[in-house]
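Summary of the model geometry
The primary structure of each chain is shown beneath.
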Amino acid sequence: MNQLSQRHASFNEVIAALSTVVRGKPREVRLALCCLLCRGHLLIEDLPGLGKTTLAQALARVTGLDMQRLPADVLGVSVFDPGQGRFHFHPGPVFHGLVLADEVNRATPKTQSALLEAMEEGQVTVEGETRALPDPFFVIATQNPQEQAGT
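Worth saying up front: this structure is predicted, and the values here are computed from it rather than measured.

A look at the packing of helix 2 (residues 26-37) against helix 3 (residues 52-63)
Interaxial distance between helix 2 and helix 3 falls to 11 Å at its minimum, and their mutual angle equals 55 degrees. For the element pair helix 2 / helix 3, the angle class is oblique. Judged by the twist between their axes, the crossing of helix 2 over helix 3 is right-handed. Facing helix 2, whose interface residues are E28, V29, A32, L33 and L36, helix 3 presents L55, L59 and T63. Tallied by class, the residues present in the contact of helix 2 with helix 3 amount to six nonpolar, one polar and one charged.

Below you can see the structure in the form of structure tokens.
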């Protein structure tokens with residue numbers, strides 16, 4: 001079997017594995033995987049409860065990426081250690097291979113700005129220091145339609 005055939009078979013195996021979890025959305029599953037493989041990012045707009053988060057979790061599990069949902073503090077924080085007399089950086093959720101940003105349209109401007117830097121540059125700036133993100137780095141952002149009230 002040539003290399004192209006092996007890649008095609010692997011792609012189809014991943015699609016099949018994802019389709020056992022996310023049912024009835026074969027096009028969406030295929031496009032999500034294509035976004036990841038092309039080193040892009042993905043924005044999914046759909047009504048609540050239709051599998052956006054499930055797709056992100058399944059994609060992380062099948063591809064072996066670690067995943068984290070974003071809280072308000074996405075970058076991380078430095079905490080002072082009195083025993084050593086210095087600050088230690090504790091990386092936030094953005095330092096994972098797959099990041100799920102639920103309802104990104106309702107996130108704070110600071111969170112949105114941090115995500116834009118991360119997605120475009122593969123790095124974030126925290127407290128004046130630039131820190132590299134994992135490779136691959138993939139963001140799946142979700143949003144409910146504008147007319148949908150909060151859930």
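Having seen the structure, we can now continue with the description.
Some details on the nonpolar core
With 20 residues, the main nonpolar core has L59, L98, F138 and I140 as its most contacted residues. Contributions of two or more residues to this core are made by helix 1 (3-19), helix 2, strand 1 (42-45), helix 3, strand 5 (98-101) and strand 8 (138-143). Considering each element in turn, this core owes the most residues, five residues, to helix 3. In this structure L59 touches L18, A32, L33, L36, L98, F138 and I140, once residues within four positions along its chain are discounted.

Topic: the sheet that holds strand 5
Strand order in the open sheet formed by four strands is 1-8-5-2, with parallel pairing between adjacent strands. At either margin of the open sheet sits one strand with a lone partner, and together these are strand 1 and strand 2 (67-69). Pairwise comparison of adjacent strand axes, ignoring direction, gives a mean angle of 20 degrees for this sheet. Strand direction decides the pairing type here: strand 2 and strand 5, joined by three bridges, are parallel. Across the sheet, residue R69 finds its bridge partner in strand 5, namely L100.

A short note on the pairing of strand 8
When you tally the buried positions in strand 8, you get six out of six residues, the bulk of the element. On strand 8, burial covers both faces: F138, I140 and T142 on one face and V139, A141 and Q143 on the other are all buried. Note that strand 5 and strand 8 share four bridges and pair parallel. Considered in strand 8, the bridge of V99 is made with V139.

Considering the pattern of salt bridges
This structure, assessed with the given rule, holds four salt bridges. The salt bridge involving E129 is made with R131; its shortest N-O contact spans 3.5 Å. Given the relative accessible area of 19%, R131 is considered buried.

Points about helix 4 (residues 109-121)
In this model helix 4 runs 18 Å from its N-terminal to its C-terminal C-alpha over 13 residues, within 8% of the 18 Å that 1.5 Å per residue would give. For helix 4, the set of buried residues is T111, A114, L115, E117 and A118. Taken down its axis, helix 4 places every buried residue within 160 degrees of arc, on the same side. In helix 4, the exposed positions that point more than 90 degrees away from the buried face belong to P109, L116 and E120. Contact partners of the buried residues in helix 4: strand 5, strand 6 (123-126) and strand 8. One or two steps after helix 4, the chain reaches G122, where phi turns positive at roughly 70 degrees.

Conventions adopted
- Residues numbered from 1 in each chain as written.
- Predicted model: local features only at pLDDT ≥ 70, side-chain atom pairs only at ≥ 80, totals over all residues.
- Heavy atoms only, no water.
- Axes fitted to C-alpha atoms, helices over the stretch in contact; angles between N-to-C directions.
- Helix = DSSP H or I, 4+ residues; strand = E, 2+ residues; numbered from the N terminus.
- Parallel < 35°, antiparallel > 145°, perpendicular 65-115°, else oblique.
- Left-handed = near helix turned anticlockwise from the far one by under 90°.
- Contact = heavy atoms within 4.5 Å.
- Nonpolar A, V, L, I, M, F, W, Y, C, P; charged D, E, K, R; others polar.
- Core = buried A, V, L, I, M, F, W, Y, C linked by side-chain atoms within 4.5 Å.
- Buried < 20%, exposed > 50% of the residue type's maximum accessible area, 1.4 Å probe, protein only.
- Pairing = 2+ DSSP bridges.
- Salt bridge = Lys/Arg side-chain N within 4 Å of Asp/Glu carboxyl O.
- Expected span 1.5 Å × (residues − 1).
- Arc of directions from axis to C-beta.

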